[in-house]
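# A structural walkthrough
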Amino acid sequence: MRSPLTHNSLARSRAVLTPTPTLKLDGLPADEERPLLLDQHASYSSAPLSPARPLSPHSPLEGDEHLRRRRAPTARRLRSKLLFVLIAVLLAICVWASFIDDSMGEVEAAISCAFCLGLLMPLQALAHVGDDAFVAFFVGFCTNLGIEDADVCAGAVGTQAPILAHDLRSISLASHAAKNFCSTVFGLCPLQEVIPYTVAFQPASADPNPGRISTLESQAAVQADIKRKKWVGKGRKPFQVIHLSDVHIDRKYIFGNENCDAPAPLVDSMFRAIEQFAPNRTFTIFTGDIIEAAVWAVTPPSVTRDMYEWYHEMEAPSYPSLGNHDVSPVNAFPRTTSNTLQDSQWVFDIAAEAWERWIGPEASQQAATHYGCYARVHPGTKLKIISLNTQYWYKQNFWLYDSDEPQWDPNGILSWMATELHLAEEAGQRVWIIGHMPFGKVDALRDQSNYANQIFQRYSATIAAHFYGHSHVDEFEIAYPNYHDQRAETANGIAFMSGALTPASGNPVFRVYDVDPDTYEIMDFTPFYTNRSEPAFDIEPVWQPYYSARESYGALIPTPLAPEESLDGPFWHRVTEAMQRDESVFQLYNTRLSRGGKVSDCATYACKNRTICMLRSMRAENNCITIKPGLSFKDKKRDPDDEEENDDPDGAFGPLSYDTQCEGPGLGSMLRKLADSKSAETLVALHTHAIDALRSHGHDFAGSSDPRTPRRRTLFFF
């Protein structure tokens, strides 16, 4: 009979089972030891960052040398046995917890999180040995275990590993950054709670209390005090805007494999189709990712060449943004606080130069100095376009884990965006926000998504719409002032994702929006696609309209849209209600995600609920994505009907796990493959190989200094 644990007994169990190991580095004083406190809470402060202290090149021998020579082997054996016993106890408890009541889930999660942080210990020690040793270890581990092909291991893992080594040298394993890394990359710690932070805003000029500081909490009072401009359509003919995203061009490839990226002839055919179907378009928005997904073959010179070529092909006027692939190594955008000589300024300089002919010299200068971000009012309109570099809160950007001190606003981008929105409000303008990664995705760090949401809510009357890419699918996200009160009446923001050109994730697509010239809201959109399964695709792709969003989805809601009503947040909330009521509506949407080109099974109740929840979240903490930490010791063949394991064959992220479509192979994907197995065996192998690598470089991870080798440094944990 299963016996439930009380809260107190659970707390006692955690206190007993969760070790607090200490990293000892020979040559450092005792007060430099770093205890691993798993319940430490992070907060923002203005204290300066303290760089990690490097290892001493020599470990001094202390005390009587003769006694140390006699005691060293005994101490080494004792510590090795203790380490073995500790791991054995942890694994035994995990095995036990895997087979008993779910009330042990919290204990198992705590153990798996401690296991992950313990796994980082030898990796941190190896990082202190140097980048060469660290890279050689990961490339060798990747190659020898067959995780990726040898060229992928050397090219992708090898270029990203130095960033992880930098992170581990820069942080303590008790930090928020370490636990965030274990949750977002390994999935072995629970997703971290948002660090509370209230964004302060400039008071509006019409505010009768201009001296007060406007915050999200005072938003209702501010909006009650200020009579803002009401944006009303006048029934004029909409103008058209093109949305392109995630082209991932492989210029060395022609045609023949639908799982490869976009060849140059496909790009040429797309531009011809745009000219055919939207000859009177006003402008184009491009939401990032030019570079092919074969990240192991990508170098700064190839990125430079491909960026210039793509921007030369794009037609004027265009408003681009940068994607996580538009840099080398992939995803690598260091923050200004990163203690490194590496930077991504070369990417911003390329973008500023190439974009100037479309966005003008002032916005071009912003792109160069504001990390790829800029703002510009489109000539002849009251529409300001704000382009964001969203990679500074993209969880696969390993530079974001290199500081013990949390940063609410990396590089000041959110503050800059708030200022541009404030200026637009004062000038009576509407705003489109464009960027690569949507704020509600699992790929977005929860902290920055939360803080950005505060800004979006403050200026919800000014923002007409958001436009993103990254997920490679035809979808949307809805914003609410209160995510615990999600109704059509409360929805006040909408983000559109257009899908991708690359055939690797479905049928290639571009989108055409019909835009109200007075409100700048979206009245309709039509995706245009080409079927990659048709024989003509390899010769001359045939492009055709897929559906009209207004006609198709508008017919599914109870109250028809009035002619002057736009496809805003309330409209799309009603569409999600139709999905809940009618399974055929949801499956229609599920098919359209990939334009019918790579349809994933999402027939279960759990998958459907998660998908709808994601559509109703422009804030990452509310997207219903959960991580179930824990190392599995079950034989899944014993539980073929386990609902929790089998109700969603695509995992917790909904159909096709679209949130990882945009990444490609690399160090992050390798670590996830190890962790996704939820197998202690693979993670222990990584731990063991790291210790072996340390020893090969003259370090005894679980012992004390050998007096016969005085240059050897000793690393041990107890």
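Residues numbered from 1 in each chain as written. Predicted model: local features only at pLDDT ≥ 70, side-chain atom pairs only at ≥ 80, totals over all residues. Heavy atoms only, no water.

This brings us to the state of the cysteines. Taken as a whole, this structure holds five disulfides when the rule is applied. Paired by a disulfide, C113 and C189 hold their sulfur atoms 1.9 Å apart. Sign of the S-S torsion, about 90 degrees for the bond between C113 and C189, identifies this disulfide as right-handed. Highlighted residues: C113 in helix 3 (residues 105-129) and C189 in the loop between helix 6 (176-186) and strand 3 (200-201), separated in sequence by 76 residues. In this structure C113 comes out as buried when scored by relative accessible area, which is 10%. Residue pairing for C613: its cysteine sulfur links by disulfide to C624, the two sulfurs lying 1.9 Å apart. On the sign convention where negative is left-handed, the bridge of C613 and C624, at about 75 degrees about the S-S bond, is right-handed. (Disulfide = S-S within 2.5 Å. Helix = DSSP H or I, 4+ residues; strand = E, 2+ residues; numbered from the N terminus. Buried < 20%, exposed > 50% of the residue type's maximum accessible area, 1.4 Å probe, protein only.)

Another point: the side chain of N411. Its place among the elements puts N411 in the loop between strand 9 (383-387) and helix 11 (413-426). Not counting the four nearest positions on each side in its chain, N411 is found in contact with P334, R335, T336, Y371 and Y392. (Contact = heavy atoms within 4.5 Å.)

Read from one edge to the other, the open sheet built from six strands follows the order 7-6-5-14-15-16, with strand pairing classed as mixed. A strand with exactly one partner marks an edge of an open sheet, and here the two such strands are strand 7 (318-320) and strand 16 (543-545). Looking at each pair of strands side by side, their axes are set apart by 25 degrees on average, direction ignored. With three bridges joining them, strand 15 (residues 522-530) and strand 16 adopt antiparallel strand pairing. Within strand 16, the position partnered with F528 by the bridge is P545. (Pairing = 2+ DSSP bridges. Axes fitted to C-alpha atoms, helices over the stretch in contact; angles between N-to-C directions.)

Right, let's get into the confidence of the model for the protein chain. Model confidence for the protein chain is summarised by a mean pLDDT of 80, while 72% of its residues fall at 70 or above. Here residues 98-104 scores under 50 on pLDDT; set against residues more than four positions off or in separate chains, the count is 13 contacts. (pLDDT = per-residue confidence, 0-100.)

Attention shifts here to the pairing of strand 11 (residues 463-468). For strand 11, a buried count of six out of six residues is recorded, marking the element as mostly surrounded by other parts of the structure. Judged from the four bridges that link them, strand 10 (residues 430-434) and strand 11 form a sheet pairing that is parallel. By the bridge assignment for strand 11, V431 is matched with I463. One crossover worth recording links strand 10 to the parallel strand 11 by way of helix 12 (residues 446-458), and it is right-handed. Strand direction decides the pairing type here: strand 11 and strand 13 (residues 493-498), joined by three bridges, are parallel. Bridging across to strand 13, H466 finds its partner in A495. (Right-handed = clockwise from strand over helix to strand, strands pointing away.)

Let us now look at the packing of helix 15 (residues 583-592) against helix 16 (residues 605-615). In the contact formed by helix 15 and helix 16, the axes pass within 12 Å of each other and the chain directions differ by 70 degrees. Comparing their axes, helix 16 and helix 15 come out roughly perpendicular. By crossing handedness, the relation of helix 15 to helix 16 is classed as left-handed. Listed contacts from helix 16 to E583, F586 and Y589 of helix 15 are K608, T611, I612 and L615. Class assignment for the residues of the contact of helix 15 with helix 16 results in four nonpolar, one polar and two charged. (Parallel < 35°, antiparallel > 145°, perpendicular 65-115°, else oblique. Left-handed = near helix turned anticlockwise from the far one by under 90°. Nonpolar A, V, L, I, M, F, W, Y, C, P; charged D, E, K, R; others polar.)

As a further point, take the packing of aromatic side chains. Tallying each qualifying case throughout the model produces 45 aromatic pairs. Ring centres 6.0 Å apart and planes at 35 degrees place the aromatic pair F137 and F141 in the tilted group. In this pair, F137 and F141 are both assigned in helix 4 (residues 131-144), four residues apart and thus about one turn of the helix distant. The ring centre of Y459 lies 4.4 Å from the NZ or CZ of R458, which sits over that ring. Sitting above the plane of the Y553 ring, R592 keeps its charged end 5.1 Å from the centroid. (Phe/Tyr/Trp six-rings, centres within 6.5 Å; stacked < 30°, edge-to-face > 60°. Lys NZ or Arg CZ within 6 Å of the ring centre and 35° of its normal.)

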